[in-house]
Amino acid sequence: MTTKHRIIQVGSYAGSPTANARLAQDYDVVELWKYPDRKAALAEHGKGVDVLVTSANFGCTAEMIDALPDLKAICSWGVGYETIDIQAAQRRGVQVSNTPDVLTDCVADLAWGLMIASARRIAYGDRFVRTGGWGQVHGSIPLGSRVSGKKLGIVGLGRIGQAIARRGAGFDMDVRYHSRNKRDDVPYAYEASLVELARWADFLVVATVGGPGTRHLISREVLEALGPQGTIINIARGPVIDETALVEALQSGKLGSAALDVFEHEPKVPDALKANDNVVLLPHIGSATYETRREMENLMIENLQAYLRTGKVITPVTE
Ligand code: 8YV
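The structure displayed is predicted, hence computed values, not measured ones.

Enquirer: How should the overall build of the protein chain be read in this particular structure?
Expert: Counting secondary structure elements, the protein chain contains 12 helices and 12 strands. A compact globule built from 319 residues should have a C-alpha radius of gyration of about 20 Å, and the protein chain, at 22 Å, falls within 12% of that. Every one of the 319 residues in the protein chain was classed for burial, and the buried ones make up 49%. Placing the 35 positive and 37 negative side-chain charges of the protein chain at their respective mean positions leaves the two points 1 Å apart.

Enquirer: In this structure, what is going on with the pairing of strand β6 (residues 151-155)? I would like to understand it.
Expert: Residues in a regular strand project their side chains so that they alternate between the two faces of the sheet. For β6, a buried count of 4 out of 5 residues is recorded, marking the element as mostly surrounded by other parts of the structure. Bridging between β6 and strand β9 (residues 203-206) involves 4 bridges; their strand directions are parallel. Following the sheet pairing, V155 is matched in β9 by V206.

Enquirer: Please explain the packing of aromatic side chains as it appears in this structure.
Expert: How two aromatic rings sit relative to each other is set out by the distance from centre to centre and by the angle between their planes. As enumerated under the stated definition, the model contains 4 aromatic pairs in all. Judged by centre distance (6.0 Å) and plane angle (50°), the rings of Y13 and F58 are tilted. With a gap of 45 residues between them, Y13 in the loop between β1 (5-9) and α1 (19-26) and F58 in the loop between β3 (51-55) and α3 (62-67) connect regions that are remote in the sequence. Judged by its relative accessible area of 3%, Y13 falls in the buried class. Look at W112 and F171: their rings are 4.5 Å apart centre to centre, the planes differ by 20°, and that puts the pair in the stacked class. Taken together, the positions of W112 in helix α5 (residues 104-119) and F171 in the loop between α7 (159-170) and β7 (174-178) put the pair 59 residues apart, joining distant regions of the chain. Given a relative accessible area of 5%, W112 falls into the buried group. Judged by relative accessible area, F171 falls into the partly exposed class, the value being 25%.

Enquirer: How should the site of the ligand be read in this particular structure?
Expert: Lining the immediate environment of the ligand, one finds 13 residues, of which V79, G80, R237, H284 and S287 sit closest. If the ligand stood free it would expose 320 Å²; the protein chains cover 90% of that surface. For the shell around the ligand, the per-class residue count stands at 5 nonpolar, 6 polar and 2 charged.

Calculation rules
Residues numbered from 1 in each chain as written. Predicted model: local features only at pLDDT ≥ 70, side-chain atom pairs only at ≥ 80, totals over all residues. Heavy atoms only, no water. Helix = DSSP H or I, 4+ residues; strand = E, 2+ residues; numbered from the N terminus. Rg over C-alpha atoms; globule rule 2.2 N^0.38 Å. Buried < 20%, exposed > 50% of the residue type's maximum accessible area, 1.4 Å probe, protein only. Lys, Arg positive; Asp, Glu negative; His and termini not counted. Charge placed at Lys NZ, Arg CZ, Asp CG, Glu CD. Pairing = 2+ DSSP bridges. Phe/Tyr/Trp six-rings, centres within 6.5 Å; stacked < 30°, edge-to-face > 60°. Near = heavy atom within 4 Å. Areas by Shrake-Rupley, 256 points an atom, 1.4 Å probe, with all protein chains shown as cover. Nonpolar A, V, L, I, M, F, W, Y, C, P; charged D, E, K, R; others polar.

Here's what the structure looks like:
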């Protein structure tokens, strides 16, 4: 009987079809989430462990890295890595992998779903029908607004931002973007000022990375520049938007609508957003399709296997 290689798994992959089972089948998994005292569990089971698997959601702190003296690779499920202490990993020479590319299309599709749901009042209309509001032949929900041919601003033109932009062509939209640096390899106009981009746009989609560098990038000023007819869409990370300012801008009518897959304090969603019919809300499901979650799972496991086979992960996080 061969002994299985021991790994640490930070959390249970509830949103992935078979990740837990596949890991458990091939590895001796220390299921960290089952231990009330994680520090004690790491001290007891972490000796000799060279791989830890986690997710964008579960993260990996400097404290955990410090508690694992033999750690060499962190393989994460998800593209975002703001919850993983990359600096601490780098200091220790620990490789970190994420799962880029495989979720790009689904997240971009969802951004469009949110945009159309908001403009055409799809979620509102659904509630209206279900709750028996549709008493006449032609319903009577407030008019929506046209999507095709409008102005689309994108904040952050990485892989997901570009996939959102490409879909804009199918809707005859004029697309512009704002990001830290202007790109020379895209056919979209760059706007150096985020406030000016918001002033110009009908729909402003947030597609940046998360973390301290982008916290509250979408400020009160940006939201007010987007204005009473404007819509903010967020499929990136909640803290990129100043949520207090968002609530106030929507309540005062200084901002038209919001369509959100992510929130500042997930899973908490402010009651003021829930009560507002100009807001569409989703529970962080950008990558949540069978196909994409399966590919994320595959890529996370391929990274783990590649590290064990070759000493190198396949899709390292590069900072
Ligand atoms: C995950 C995500 O569902 O990949 C990411 O960064 O946000 C999503 O795909 C989420 O992070 C759960 O960990």
